[in-house]
Amino acid sequence: MAVEGGMKCVKFLVFVFNFIFWVCGVALIAIGIYAQVALDKALVVSSASASSTPVAILVLGVIIFFISFFGCCGAWKESYCMVTTFAVLLSIIFLVEIAAAIAGYVFKDKVRSVLEDGLWDAMRKYGEDEPLTEAVDELQRDFACCGANNYTDWSTIERFKVNDTVPRSCCRVNTTSCNVHPSPATVYEKGCLQGIEAWMKKNILTVAAVALGIAFFEILGIIFACCLMKGIRSGYEVM
């Protein structure tokens, strides 16, 4: 009876942790959507590798969402195959997350260079590519920035250099000549790279906290799933 009672507890815990996984999956989906929307214009002007990050978070959230549902079904039906599959998939997700965290730390400096290269490329194409031009304008307005590193970056672009101007989206106050002979008094002084980095630093703690929470519950989920697998395989009644 003691074993039966213990297995009932394990089965209940598998349900509880799968519900937590489900919530974690929803949280990742929300973070992915938020990052995609908040950095929409920054991602447009950056490279494909940078723009895929919010999508990767979103996909991971969807995967965890469905795996948690799979685990609930396996525990409810006391299916050794389903519970085993759940434990294996969860272990793979956990290892992928660790690999992603290590890769993120190792290549953290590359993120800045990728963003900077993307911004410079967008500046060079400003006025020639309409969607890209709109993206740059909206990015500069949203982040109250001008250029990649500062407003003087636009003076290296030929079409702005000849007239000593910057895009009107750089203006602090939109007036007729606010973008002519720019100065810190008339246009945003800081570059967009600084603004994007500040946004990322502000939100990185939230992402890290969610990631650590998910990893912790994944480990517990794997442990409880393995206990339930052992009980089911041994032929104990867990209903």
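Residues numbered from 1 in each chain as written. Predicted model: local features only at pLDDT ≥ 70, side-chain atom pairs only at ≥ 80, totals over all residues. Heavy atoms only, no water.

1. Brief notes about the overall build of the chain
How we decide: Put simply, DSSP H or I for four residues or longer makes a helix, DSSP E for two residues or longer makes a strand, and each gets a number counted from the N terminus. Only protein chains enter the accessibility calculation, which uses a 1.4 Å probe; a residue is then buried when its area is under 20% of its type maximum, exposed when over 50%, and partly exposed in between. Contacts between residues were defined by any pair of non-hydrogen atoms, one from each residue, lying within 4.5 Å. Per-residue and other accessible areas were derived by the Shrake-Rupley procedure at a 1.4 Å probe size, with only the shown protein chains allowed to occlude residues.
The helix and strand tally for the chain stands at eight helices and zero strands. Scanning the chain from its N terminus toward the C terminus, one meets helices and strands in the order α-α-α-α-α-α-α-α. When the 239 residues of the chain are sorted by exposure, 39% land in the buried category. Of all intrachain contacts in the chain linking residues separated by at least 6 positions in sequence, the fraction that spans at least 24 positions is 71%. Carbon together with sulfur atoms contributes 68% to the accessible area of the chain, which is approximately 13,200 Å² in total.

2. Focus: the side chain of Thr133
Structurally, the position occupied by Thr133 is in helix α6 (residues 130-142). Its relative accessible area of 13% is what places Thr133 among the buried residues. Among residues more than four places away in sequence, those in contact with Thr133 are Lys125, Tyr126, Gly127 and Glu128.

3. Side note on the pattern of salt bridges
Side-chain pairing between opposite charges can occur once the charged atoms of the two side chains come close. Note the threshold: Salt bridge, as used here: a side-chain nitrogen of Lys or Arg that lies within 4 Å of a carboxyl oxygen of Asp or Glu.
A full pass over the atoms with the stated rule returns one salt bridge. Its salt-bridge partner being Lys125, residue Asp121 comes within 3.3 Å of it at the nearest N-O pair. Exposure remark for Asp121: the relative accessible area of 33% places this residue in the partly exposed category. The exposure class of Lys125 is partly exposed, given its relative accessible area of 36%.

4. Describing a negative patch on the surface
The following threshold applies: Candidate patch residues must exceed 30% relative accessible area and have no salt bridge, after which like charges are joined if within 9 Å and Val, Leu, Ile, Met, Phe, Trp or Tyr side chains if within 5 Å. Note on charges: Lys and Arg go in the positive column, Asp and Glu in the negative column, and His and the chain ends are not counted at all. Charge positions come from single atoms, namely NZ of Lys, CZ of Arg, CG of Asp or CD of Glu.
On the surface, a cluster of negative charge is contributed by Glu128, Asp129, Glu130 and Glu134. With respect to the helices and strands, Glu134 occurs in helix α6. The class for Glu134 is partly exposed, based on a relative accessible area of 47%.

5. Quick notes on the packing of aromatic side chains
Formally: Any two of the Phe, Tyr and Trp rings considered here, Trp counted by its six-membered ring, make a pair once their centres fall within 6.5 Å; the pair's planes then place it as stacked at under 30 degrees, edge-to-face at over 60, or tilted in between.
In the structure shown here, the tally under the stated rule is six aromatic pairs. On the numbers, 6.0 Å between centres and 20 degrees between planes, the contact of Phe19 with Trp22 is stacked. Here Phe19 and its partner Trp22 are both found in helix α1 (residues 2-38), three residues apart, which amounts to about one turn of the helix. Ring geometry for Tyr126 and Trp154: centres 5.3 Å apart, planes at 75 degrees, overall edge-to-face.

6. A look at the nonpolar core
So the rule is basically this: By convention a nonpolar core is built from buried Ala, Val, Leu, Ile, Met, Phe, Trp, Tyr and Cys residues, the set being connected through side-chain atoms within 4.5 Å.
Ranked by size, the top nonpolar core spans 25 residues in total, and within it Cys146 and Trp154 carry the most contacts. It is helix α5 (residues 108-124) that provides the largest number of residues to this core, a total of five residues. The contact partners of Trp154, leaving out residues within four places of it in the chain, are Met123, Tyr126, Val136, Gln140, Cys146, Gly147, Phe160, Lys161, Thr165, Val166, Pro167 and Cys170.

7. Some words on helix α8 (residues 192-233)
Basically, it comes down to this: A helix is expected to span 1.5 Å for every residue after the first. Values of bend correspond, residue by residue, to the angle between axes fitted over the seven residues ending at that residue and the seven starting there.
With 42 residues, α8 extends 58 Å from end C-alpha to end C-alpha; this agrees with the ideal 62 Å at 1.5 Å per step. If you look at α8, its biggest bend is around 40 degrees, right at Asn203.

8. Structural notes on the confidence of the model for the chain
Detail in the predicted coordinates should be disregarded across regions flagged by low pLDDT. Quick reminder of the rule: Residue-level confidence of the predictor is summarised by pLDDT, bounded by 0 at the bottom and 100 at the top.
Averaged over the chain, the pLDDT score is 79; the fraction of residues at 70 or greater is 87%. Per-element confidence in the chain is highest for helix α7 (residues 158-161), whose mean pLDDT is 90, and lowest for helix α2 (residues 40-45), whose mean pLDDT is 54.

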